[in-house]
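Structural characterization, general
The primary structure of each chain is shown beneath.
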Amino acid sequence: MNTTRTKSQPRRISDLVELKAQGADVRLQPAFEIVPVDFAHRQSQYQAYIFLCRYKGTVDGNGFEFRKCYARGCPNNLCQHVAQAVLIANRHLARDYETLRRAGIEPGDDRFTLEGMMVKFDDIKVENEQVYTIYDFINMAKAGTRVEAKIDLEEVPAVEHFDNRKNSQTFFFCNFKIKAGQREYDYQRCLACYATDNEKVERELAVKIANARLENLYRSFENAGVMADQVFFK
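The structure reproduced in this document is the subject of the present report. Since the model is a prediction, treat every value here as computed from it, not as a measurement.

Time to look at the overall build of the chain. Across its full length, the chain holds four helices and seven strands. Helices and strands appear in the chain in the N-to-C order α-β-β-β-α-α-β-β-β-α-β. Sorting the 234 residues of the chain into buried and exposed places 47% on the buried side. Approximately 13100 Å² of the chain is accessible, and the part contributed by carbon and sulfur atoms is 44%.

Now the structure itself:
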């Protein structure tokens, strides 16, 4: 199967949905990776795990592949705990699966799992705690809770470690400080990424993808009554 690299190649779930609505034959096979990544965050460096889904398949027989980051987890306190991240990743994945199935595209039933990962958890009870996604806060607002969101955007260079190679990537992260009622929460979303060594070619598309995802979130905020300033990547 030859993977095409055309301007019309799907890069997002919404692209697949749109192509299916136009009558295209869309075949899909997701593949999952939990990748150790070295991040250079401002003046500090740390290792985290990125939960990636590679969406591979065909549109009318033409091959495509794109990847989506579903969560970032840390074995320390510099971002969401790895055990929380896998739950968050699977909740976002379930939403995408539902979107695909409504469009008539079958994604299968695979999920992220920590099985086989050499990670030692400091507190295994974290897996039993309530884990929130941004959509939980949106639903709180719809139910009448006062919800405010402060948003900080980051473009973070990193090095991904695969079995036989390293890959320099730059990630677009959105950090949310959420106040829902009397409680406050920290929440993160990975919105896009690009190959650092190919910045001149890939960064512009990554910015468009990240900002399109932000636009969708802000639209959901407005509809639910979540108070937030709208900021975008440049």
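A few words now on the pattern of salt bridges. Taken as a whole and judged by the stated rule, the model has 13 salt bridges. Across the pair R102 and E98 runs a salt bridge whose closest N-O atoms are separated by 3.1 Å. On the criterion of helical spacing, the pair formed by R102 and E98 is a turn pair, its members being four residues apart in helix α2 (residues 82-103). Within the structure, one salt-bridge network assembled from shared partners comprises E33, R54 and E65.

The geometry of two aromatic rings is summed up by the distance between their centres and the angle between their planes. For the structure on display, the rule yields 18 aromatic pairs. Summarising the aromatic geometry, the rings of F39 and Y46 are spaced 5.6 Å apart at their centres and angled 25° between planes, so their arrangement reads as stacked. The burial state of F39 is the same as that of Y46; both residues are buried. Considering the side-chain rings of Y55 and F66, the 5.3 Å spacing of their centres and the 25° angle between planes classify their relative orientation as stacked.

So, about the environment of V231. Looking at the element boundaries, V231 is found in the segment after β7 (227-228). A relative accessible area of 31% places V231 in the partly exposed class. A C-alpha to C-alpha distance of 7.9 Å links V231 and L153, two positions 78 residues apart in sequence. Among all residues touching V231, those that are not within four sequence positions of it are I151, L153, L214 and Y218.

A word on the side chain of T133. Mapped onto the secondary structure, T133 falls in the loop between α2 and α3 (134-142). Setting aside residues no more than four positions away along its own chain, T133 makes contact with I88, R91, H92 and Y187.

It is worth spelling out empty space enclosed by the protein at this point. As enumerated under the stated definition, the model contains one cavity of 30 Å³ or more in all. Its volume calculated, the largest cavity comes out at about 50 Å³. Taken together, Y70, A71, R72, Q80, I88, F173, Y187, Q188, R189 and C190 make up the full set of residues lining the largest cavity. Contributions of two or more residues to the lining of the largest cavity are made by β3 (62-73) and β6 (183-195). A total of four residues in the lining of the largest cavity trace back to one element, the largest contributor, which is β6. In the lining of the largest cavity, the residues fall into six nonpolar, two polar and two charged.

Quick notes on the rules
Residues numbered from 1 in each chain as written. Predicted model: local features only at pLDDT ≥ 70, side-chain atom pairs only at ≥ 80, totals over all residues. Heavy atoms only, no water. Helix = DSSP H or I, 4+ residues; strand = E, 2+ residues; numbered from the N terminus. Buried < 20%, exposed > 50% of the residue type's maximum accessible area, 1.4 Å probe, protein only. Areas by Shrake-Rupley, 256 points an atom, 1.4 Å probe, with all protein chains shown as cover. Salt bridge = Lys/Arg side-chain N within 4 Å of Asp/Glu carboxyl O. Phe/Tyr/Trp six-rings, centres within 6.5 Å; stacked < 30°, edge-to-face > 60°. Contact = heavy atoms within 4.5 Å. 1 Å grid on protein atoms, 1.4 Å probe; cavity = no way out; pocket = protein on both sides within 12 Å on 5 of 7 lines; lining within 4 Å. Points joined across faces, edges and corners; volume = space filled by probe spheres on them. Nonpolar A, V, L, I, M, F, W, Y, C, P; charged D, E, K, R; others polar.

Fair warning: the whole summary comes from geometry, so function is off the table for now.
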